[in-house]
Amino acid sequence: MYFSINQSNYWYEIHGNGEPIVMLHGFTGSSRTWNYFVNKWKNKWTLITIDLPGHGKTKAKEKSMEACCKDLDALFNALKLSSFCLLGYSMGGRTAISYAIHYPEKIKALLLESTSPGIDTLEERVQRQENDRILANRILEQGLDWFVSYWENIPLFQSQTSLPLEIKQSVRYERHMQSKTGLADSLLHMGTGFQPSWWDALARLTKPVLLLAGELDKKYCELMKEMDNRFPQSLLTIVSEAGHAIHVEKPEIFGKIVSEYIMDIYLADICN
């Protein structure tokens, strides 16, 4: 289904019944990335997946992180979501944090997989901006086939090389579904270097937070540990033998951890 606002069309899907969980994919992903989780858990929860700007079926050019969050809030209002669990992976996790900073009253719980609240120092942000400009230009000049081959071989996804062929083909297919202009736009407007740093704001988020990192993803293990130190009410889980995309590499374990955490949140509410 499409939701139209501010000359943009956001694709979203609603599956199942129960308490709502909104799910936001990572860079080069789409609603499709959650298919395993949706098929497994749609009888337990209402699962709402959204294609973020520059990705999947969504048509929303040059959206900043703040503008995207504002559009998402309008969508949630249209769906009459007054309180929900918000789950985000990587870029979707950065979006989830940004949304929670702007609209904390809507958040029942925040679930973050392999993500960060941005880059803390100005010097590092400027360097990341330059790197993302270079990558965006290469995507536009050399095309999607070049980029998909490049992206699947970066160290961040090294742990995926041993996955079954069927899963690797599914991930590759999802990346090929994107457009080169959409990915370039995403890098230049919602990339890590272009969004605000929310490190100092994490202490203001008093809702429950689940942090998930893969044991093999050393960089994000450290980032998530630091985030765990800053959130007032967080739980950090390091998943064994998993890399950056836990929901792809260990889908059963990922689903069990997420579902049990959300169940505990709602049970705690009932008990209180």
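In what follows, the structure referred to is the one given above.
Enquirer: Residues and numbers for the pattern of salt bridges, please.
Expert: Inspection of every chain in the model, using the stated rule, returns 12 salt bridges. Between Asp 71 and Lys 63 there is a salt bridge, and its shortest N-O distance comes to 2.8 Å. Overlapping salt bridges bring together Asp 200, Glu 226 and Arg 230 as one network.

Enquirer: Tell me what's going on with helix H2 (residues 65–78), and back it up with residues and numbers.
Expert: Its 14 residues give H2 an end-to-end C-alpha distance of 20 Å, which sits within 8% of 20 Å, the value for a rise of 1.5 Å per residue. Once H2 finishes, Lys 80 follows within two positions and takes phi at roughly 60°, a positive value.

Enquirer: Go over the sheet that holds strand S7 (residues 209–214) with me, naming the residues and quoting the values.
Expert: One key point about sheets: their strands pair by backbone hydrogen bonds, in either a parallel or an antiparallel sense. Ordered by their spatial adjacency, eight strands build an open sheet running S1-S2-S4-S3-S5-S6-S7-S8, and the pairing between neighbours is mixed. Each having just a single partner strand, strand S1 (2–5) and strand S8 (234–239) make up the two edges of the open sheet. Neighbour-to-neighbour, the strand axes of this sheet turn through a mean angle of 20°, independent of strand direction. Sheet contacts for H2: S1, strand S2 (8–16), strand S3 (20–24), strand S4 (46–50) and strand S5 (84–89); angle to S1, the most-contacted strand, approximately 120°. Helix H3 (residues 91–102) rests against S3, S5 and strand S6 (107–113) of the sheet, and its axis sits at about 140° to S5.

Enquirer: Tell me about empty space enclosed by the protein, and please be specific about residues and values.
Expert: Summed over all chains, the structure comprises two cavities of 30 Å³ or more. Roughly 60 Å³ of volume is contained in the largest cavity. Around the largest cavity sit Thr 33, Trp 34, Tyr 36, Phe 37, Lys 40, Trp 41, His 247, Pro 251, Phe 254 and Gly 255, which together line it. Every element with two or more residues in the lining of the largest cavity is listed here: helix H1 (35–41) and helix H9 (251–271). Broken down by element, the lining of the largest cavity gets its largest block of residues, four residues, from H1. Here the residues of the lining of the largest cavity are counted per class, giving six nonpolar, three polar and one charged. Considered as a void within the structure, the second largest cavity measures approximately 40 Å³ in volume. Lining of the second largest cavity is provided by Pro 53, Gly 54, Ala 60, Lys 61, Glu 62, Lys 63, Asp 185, Ser 186, His 189 and Met 190.

Enquirer: Can you lay out the pairing of S2 for me, pointing to particular residues and giving the numbers?
Expert: Bridging between S1 and S2 involves four bridges; their strand directions are antiparallel. Opposite Ile 5, over in S2, you have Ser 8 as the bridge partner. Where S1 folds back on S2, the antiparallel hairpin that results is connected by two residues, among which Asn 6 adopts a positive phi of roughly 50°. As paired elements, S2 and S4 share five bridges and run antiparallel to each other. Across the sheet, residue His 15 finds its bridge partner in S4, namely Leu 47.

Rules and cut-offs
- Residues numbered from 1 in each chain as written.
- Predicted model: local features only at pLDDT ≥ 70, side-chain atom pairs only at ≥ 80, totals over all residues.
- Heavy atoms only, no water.
- Salt bridge = Lys/Arg side-chain N within 4 Å of Asp/Glu carboxyl O.
- Helix = DSSP H or I, 4+ residues; strand = E, 2+ residues; numbered from the N terminus.
- Expected span 1.5 Å × (residues − 1).
- Pairing = 2+ DSSP bridges.
- Axes fitted to C-alpha atoms, helices over the stretch in contact; angles between N-to-C directions.
- Contact = heavy atoms within 4.5 Å.
- 1 Å grid on protein atoms, 1.4 Å probe; cavity = no way out; pocket = protein on both sides within 12 Å on 5 of 7 lines; lining within 4 Å.
- Points joined across faces, edges and corners; volume = space filled by probe spheres on them.
- Nonpolar A, V, L, I, M, F, W, Y, C, P; charged D, E, K, R; others polar.

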